[in-house]
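Coordinate inspection notes
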Amino acid sequence: LEQVDKVLLCATEILQSSNNSSSNDRSALLDRIVLRQAFSLPADMQENIKMTACLGTKLDLEILQHITAPQPVEEFLEQGAAHCIFVRQQERNHANGTENTTQNASWEFAHDIIQETIYHGWIPSYQDRICYHYRLGRKLWRVLNEEQLEDYLFLVVSQLVFASDLLTDDRERIAIARLCLSAGIKGVASSNFRKAYYFLQQGNVVLGPQGWHRQYDLWLELHNAAAEVATSLGDFEVTFEHVAHVVDHARSFDDSLRALTTKVHALGNSGKFQQSSDEGLALLGQLGVDLPWKPSKIRIMLDWWLISRRLRRKSNESLMRLPEMTDPQKLAAMQVLNLIFVAVAVVNIELTAVIGLKMISLTLDHGLSALSCVAFGVFAFSVGAIGQDPDQSYRFGQLSFMLYEKYGTRAYLARISAIHFEGSHCWQRPASEMFGPLQNAYQVGLETGDVEFALLCACLPSWVKIEYECLPKLEQELSVLRERMKKYRQTTFEMFTRPVHDTVHNLMGLSEDPTILKSPLAGEQITKAIKDNTLGSVHMWAKAHEVLLCCLFGKYQIAKDLSLTASEIAKGGFGPLGGSFVMFYCGFAEVALARETKRGRALMAKKYSRLLGKWSIRAPQNFLGNHSFLEAELAALANDKRTYLKFVNAIAVLKETKHTLLVAFANERLAYYLRDIEKTDESLSYFREALTVYQDFGAKAKVSHLMECMQRMGYNQQPAASG
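Residues numbered from 1 in each chain as written. Predicted model: local features only at pLDDT ≥ 70, side-chain atom pairs only at ≥ 80, totals over all residues. Heavy atoms only, no water.

The next point concerns the overall build of the protein chain. Across its full length, the protein chain carries 37 helices and two strands. Each of the 723 residues in the protein chain was classed as buried or not, and the buried ones make up 56%. Across the protein chain, contacts joining residues at least 24 apart in sequence account for 67% of those joining residues at least 6 apart. For the protein chain, the accessible surface area stands at approximately 31,800 Å², while carbon and sulfur atoms represent 51% of it. (Helix = DSSP H or I, 4+ residues; strand = E, 2+ residues; numbered from the N terminus. Buried < 20%, exposed > 50% of the residue type's maximum accessible area, 1.4 Å probe, protein only. Contact = heavy atoms within 4.5 Å. Areas by Shrake-Rupley, 256 points an atom, 1.4 Å probe, with all protein chains shown as cover.)

Moving on, we get to unusual backbone geometry. Residues alanine 69 and proline 70 are joined by a peptide bond in cis, for which omega reads 10°. Inspection of the secondary structure assignment puts proline 70 in the loop between helix 4 (61-68) and helix 5 (73-82). The phi angle at glutamate 678 is positive, at roughly 65°, despite the residue not being glycine. In this fold, glutamate 678 is placed in the loop between helix 35 (660-676) and helix 36 (680-697). Here glutamate 678 falls in the exposed class, since its relative accessible area comes to 70%.

Turning to the pattern of salt bridges, a few remarks are in order. Between side chains of opposite charge, a pair can form when the charged atoms approach closely. Applying the stated rule across the entire model yields 34 salt bridges. Residue aspartate 169 pairs with arginine 171 through a salt bridge whose shortest N-O separation is 3.8 Å. Residue aspartate 169 is classed as partly exposed on the basis of its relative accessible area, which comes to 30%. Under the relative-accessibility criterion, arginine 171 is labelled exposed at 67%. As a salt-bridge pair, arginine 642 and aspartate 640 come within 3.0 Å of each other at their nearest N and O atoms. Shared partners join several salt bridges into a network, and the residues in it are Arg595, Glu633, Arg669, Arg675 and Asp676. (Salt bridge = Lys/Arg side-chain N within 4 Å of Asp/Glu carboxyl O.)

A few words on the packing of helix 33 (residues 620-637) against helix 35. For the pair helix 33 and helix 35, interaxial distance at closest approach is 11 Å and the crossing angle is 10°. Looking at the two axes, helix 33 sits roughly parallel to helix 35. Both helix 33 and helix 35 take part in a crossing whose hand is left-handed. Together, Asn626, Phe629, Glu633 and Ala636 of helix 33 and Leu662, Phe665, Ala666, Arg669 and Tyr673 of helix 35 make up the contact between the two elements. For the contact of helix 33 with helix 35, the class distribution of residues is six nonpolar, one polar and two charged. (Axes fitted to C-alpha atoms, helices over the stretch in contact; angles between N-to-C directions. Parallel < 35°, antiparallel > 145°, perpendicular 65-115°, else oblique. Left-handed = near helix turned anticlockwise from the far one by under 90°. Nonpolar A, V, L, I, M, F, W, Y, C, P; charged D, E, K, R; others polar.)

Taken together, Glu62, Glu146, Glu147, Glu150 and Asp151 make up a surface patch of like negative charges. Per-element accounting of the negative patch gives the leading share, four residues, to helix 8 (residues 146-151). Checked against the element boundaries, glutamate 147 lands in helix 8. (Patch = residues over 30% accessible without salt bridge, like charges linked within 9 Å, V, L, I, M, F, W, Y side chains within 5 Å. Lys, Arg positive; Asp, Glu negative; His and termini not counted. Charge placed at Lys NZ, Arg CZ, Asp CG, Glu CD.)

Let's shift gears to helix 16 (residues 273-286). Between its first and last C-alpha atoms helix 16 spans 20 Å; for 14 residues at 1.5 Å apiece the expected length is 20 Å, and the two agree. Regarding helix 16, the residues found buried are Phe273, Gln274, Ser276, Ser277, Gly280, Leu281, Leu283 and Leu284. The elements touched by buried residues of helix 16 are helix 15 (253-269), helix 19 (328-347), helix 20 (349-366) and helix 27 (491-507). Glycine 288, located one to two residues past helix 16, shows a positive phi value of around 85°. (Expected span 1.5 Å × (residues − 1).)

Turning to the packing of helix 10 (residues 170-189) against helix 11 (residues 193-207), a few remarks are in order. It is the contact of helix 10 with helix 11, at a shortest axis distance of 7 Å, that shows an interaxial angle of 165°. By the angle between their directions, the pair helix 10 and helix 11 is classed as roughly antiparallel. The handedness of the crossing between helix 10 and helix 11 comes out as left-handed. Facing Arg173, Ile174, Ile176, Ala177, Cys180, Leu181, Ala183, Gly184, Gly187 and Val188 of helix 10, the residues of helix 11 in contact are Phe193, Ala196, Phe199, Leu200, Gln202, Gly203, Val205, Val206 and Leu207. Its residues assigned to classes, the contact of helix 10 with helix 11 shows 14 nonpolar, four polar and one charged.

Right, let's get into the packing of aromatic side chains. For the coordinates displayed, the defined rule picks out 27 aromatic pairs. Measuring from ring centre to ring centre gives 6.2 Å for tryptophan 463 and phenylalanine 496, while their planes differ by 50°; the resulting arrangement is tilted. Taken as a pair, tryptophan 463 in helix 25 (residues 451-465) and phenylalanine 496 in helix 27 lie far apart in primary sequence, 33 residues in all. Among the residues examined, tryptophan 463 registers a relative accessible area of 12% and is labelled buried. Taken together, the aromatic side chains of Trp463, Phe496, Trp541, Tyr556, Phe581, Phe584, Tyr585, Phe588, Phe629, Phe647, Phe665 and Tyr673 make up a single cluster linked through ring pairs. For arginine 135, the ring lying beneath its charged end belongs to tyrosine 132, and the centroid distance is 4.9 Å. (Phe/Tyr/Trp six-rings, centres within 6.5 Å; stacked < 30°, edge-to-face > 60°. Lys NZ or Arg CZ within 6 Å of the ring centre and 35° of its normal.)

Here the focus is the nonpolar core. Within soluble globular proteins, side chains that are nonpolar generally end up buried alongside one another. Membership of the largest hydrophobic core comes to 163 residues, with the highest contact counts inside it found for Leu284, Leu311, Phe379, Trp463, Tyr585, Phe629 and Tyr694. The contact partners of tyrosine 585, leaving out residues within four places of it in the chain, are Glu467, Val547, Leu548, Cys551, Leu661 and Leu662. (Core = buried A, V, L, I, M, F, W, Y, C linked by side-chain atoms within 4.5 Å.)

This part is about the environment of valine 346. Note on placement: valine 346 falls in helix 19. Looking at valine 346, the relative accessible area reads 1%, which means it is buried.

On the surface, a nonpolar cluster with roughly 300 Å² of combined accessible area is contributed by Leu302, Trp305 and Leu306. Among the structural elements, leucine 302 can be located in helix 17 (residues 297-312).

Let's shift gears to a positive patch on the surface. Together, Lys297, Arg601, Lys606, Lys607, Arg610 and Lys614 line one region of the surface with positive charge. Per-element tally for the positive patch: the top contributor is helix 32 (residues 603-618), with four residues. Structurally, lysine 297 is set in helix 17.

Checked against the element boundaries, glutamine 115 lands in helix 6 (residues 112-122). In contact with glutamine 115, other than residues within four places in its own chain, are Ala53, Gly56, Thr57 and Phe109.

This prediction gives the protein chain a mean pLDDT of 86; 87% of its residues lie at or above 70. Confidence over residues 91-104 falls short of pLDDT 50; this stretch has eleven contacts with residues more than four positions distant or in other chains. Scored below 50 in pLDDT, residues 521-534 shows 28 contacts in the model against residues more than four places distant or in partner chains. (pLDDT = per-residue confidence, 0-100.)

The next subject is helix 26 (residues 471-487). Over its 17 residues, helix 26 runs 24 Å from end to end, which matches the ideal 24 Å to within 8%, given 1.5 Å per residue. If you follow the buried residues of helix 26, they end up packed against helix 25, helix 27 and helix 36. Positioned one or two residues after helix 26, arginine 489 has a phi angle of 55°, which is positive.

All right, on to the side chain of threonine 231 then. Within the secondary structure layout, threonine 231 lies in helix 13 (residues 216-233). With relative accessibility at 3%, the residue threonine 231 sits in the buried group. With residues up to four places along the chain from it excluded, the contact list for threonine 231 reads Phe236, Thr239, Thr262, His265, Ala266 and Asn269.

In structure tokens form, the structure reads like this:
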């Protein structure tokens, strides 16, 4: 080690004293220093050192023994260490504080500079370096057994592909390309998608531009796999390039089917929802599955009734015993239906129910597949989204996980988790119980490449938390989440998350007008898109959050007008949690406006209250707070003597379910009611409670707004100190 230090010190001094020299001159000087240490080495050892430099700075003894043979690897390393080429590093055992000199000993180049100097200085020609890599890769490929080759596959293939331009034997090209495919598959299995794509693309390079002539099946598999991995990485342009290659040279429709399916998925992931839906439906037509773009309500209800009737005759156990689906076209149709679900939900909510029904129909008619877990999950979502049959929704949501366990396909966990926890879980369990499973599904989704639904699993909790998590903390979570979405180029859920993030910003006082979202999705920029029905769901979701803000800041007429658009969500496109959120604020806007203007009977609010009441019987922990609050508002409109008790009850329920924002809002609304009936002192205590809760919640804009309102009414109070 002292010798190494001297060599490096000498090198440093020379480099520092030659600042006026060119970089090439300094490299030459350093090269001479390293060469001087190796002058006495035998020629065969110098060759082995060059080969070793091709591996990088860290040395693997199992690999080195094949390079140095017949010379023992320890002898080779000790001899190199004597000339300051290699150094032994001792790894400390942190558990007992002792130093292990044998078992954990590792070797490496004495310095990165030395490895680089040997690699570039001792092998100055680029063509020569390629040859060294190729010889190394060939040697390892030849001597490693099957198990060892699997362990060192990345290393071996990375050495071989250096020589792709030098290969002349077609058999060797094909063999190396197969190794590239194996390395790509291994990269996907280990969630290293960037490395997987590198090897898959190198496989295409090795096969050459006429690869589809040279080895058609291998060429097809490499391009299909590369397109799928590129989609997971968010490199959609690359995906489309691979798909175009396959479509141009595929020998049949069946051969191009996988690539076309990947294209449909990539279009949806990249925000081209309408094109994804159109091409997906066209592809389904070619597979013999016709879906109407504008299904009538009668058609949907009839199909739902027929499927429900068939399912009621079967228990979950009997459904689990259905035969396997073997028809390749039906399996392909199931995959297409699975992949267009999100794009269709964005542009045409009504069609999502039809997709779920069709997947169930294919399963009942043709048998089970790994995708059946998604089929029953989507069906459960469709049944539960509008509260049509909560028991069946929860049942089939559980069945989707049973099927997932049966087939063990981790790639679908994020998908069925997002669908289940948004659509059916909340009918029997508290919404807060979804956070842990969704976090796990998010991680699995990233590991398996289902980035789209992985990010949806991350989104869902943040969409729910807006009513009860401290706003500064939620703002940080949303900022990190949106950055991840941009990293993965996931447009779909970024657009849905933007209105939530803007709402948090507005409540925190980070905007000039707290009732207007800065997101362009809520403005005139998407008017044409809405007319073309290409972003309808996004528009509704943005309007729903504007309704929330207008309700909180007393702009009831605007909220009522906006609710005409936002209320479409209550028809089932966002699941029961999203539906109850929209029904409450749209209903509140109507009844609050009626109370303010002394006109109107709030018929829609009464309808929503009745529906929330039914849902509350099923899952009081998720829906009773909204129902109780809306009932209190309706009681105030009707001058019901029980109004005060209804508000107090609503506040108690909301506190129990930890809906902090609504706790503050209910206190504020009760304070206004008490002021209207001239109970000024009591109203002041509720105003103060509302201010305190808003302040602790981080809603600075709401605190300022309420204090201004109180001053106009003659109150002059500050919020109580936070507990």
